[in-house]
Amino acid sequence: SFLHLIEGMNSYEVIATNECGSTNQKVAIVYEKEIPCNEPVINFIRPLGTGVSIPVTTTTKYHLSFNVLEVSSKAEIALILNGNTMPFNFDPSSGEVQSNVMLQTGMNTFLVKVKNNCGEASKSVKIELEEPILPPKVKLTQPKSFPHQTQNQQVTVSGKITNVTNQNDIHVYLDGHPIGFSFND
């Protein structure tokens, strides 16, 4: 027979009777609603885990942020940067995970692994750390002090310019007018 069970213990009994007597059999059927079980999900917030191009930064210190769904404990999460396990903070109420990390020059790969009773997931994202372009610096070394006082109509001024590799990026002026100069890399 087809039974409509209620949640919990259900008692099922069959009784058979004829002119010689009767017999019965009772069985207990326990009905528990199936609790849905979902595999964990990872969503990168920073850096974004989607798109064609790899994000680029010039900052060594980086704040990584992602969230996980269907995960309730920090022990179910692993954060790996360039093969090294990294510390992180996890908020179980929001599922948000955050970590402050130090990037290495070049390509950096974040790998997140999560596991719960229903399964596991992993997701990776890359970010590139480029050497920062430093601002140019000018240090005049000859004459030794400024303002410089002289009796000569001509004077040699020399110095060192750093963080500039192209002569076209240097401009020299005397009394507001451009003048020629020599440049050595």
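Residues numbered from 1 in each chain as written. Predicted model: local features only at pLDDT ≥ 70, side-chain atom pairs only at ≥ 80, totals over all residues. Heavy atoms only, no water.

### So, unusual backbone geometry
Each neighbour pair has its own omega, and for Gln-142 with Pro-143 the value is -5 degrees, a cis peptide bond. With respect to the helices and strands, Pro-143 occurs in the loop between strand S12 (137-142) and strand S13 (158-162). Each neighbour pair has its own omega, and for Phe-146 with Pro-147 the value is -5 degrees, a cis peptide bond. Topologically, Pro-147 is positioned in the loop between S12 and S13. Even without a glycine there, the phi angle at Glu-70 is positive, about 65 degrees. On the secondary structure map, Glu-70 appears in the loop between strand S5 (61-69) and strand S6 (77-81). Backbone geometry places Asn-82, a non-glycine residue, at a positive phi of 50 degrees. By the element assignment, Asn-82 lies in the loop between S6 and strand S7 (84-85). (Helix = DSSP H or I, 4+ residues; strand = E, 2+ residues; numbered from the N terminus.)

### Quick look at the environment of Pro-55
With respect to the element layout, Pro-55 can be found in the loop between strand S3 (41-46) and strand S4 (56-57). Under the relative-accessibility criterion, Pro-55 is labelled partly exposed at 28%. Pro-55 has contacts with Pro-47, Lys-126, Ile-127 and Glu-128, leaving out every residue within four places of it along the chain. (Buried < 20%, exposed > 50% of the residue type's maximum accessible area, 1.4 Å probe, protein only. Contact = heavy atoms within 4.5 Å.)

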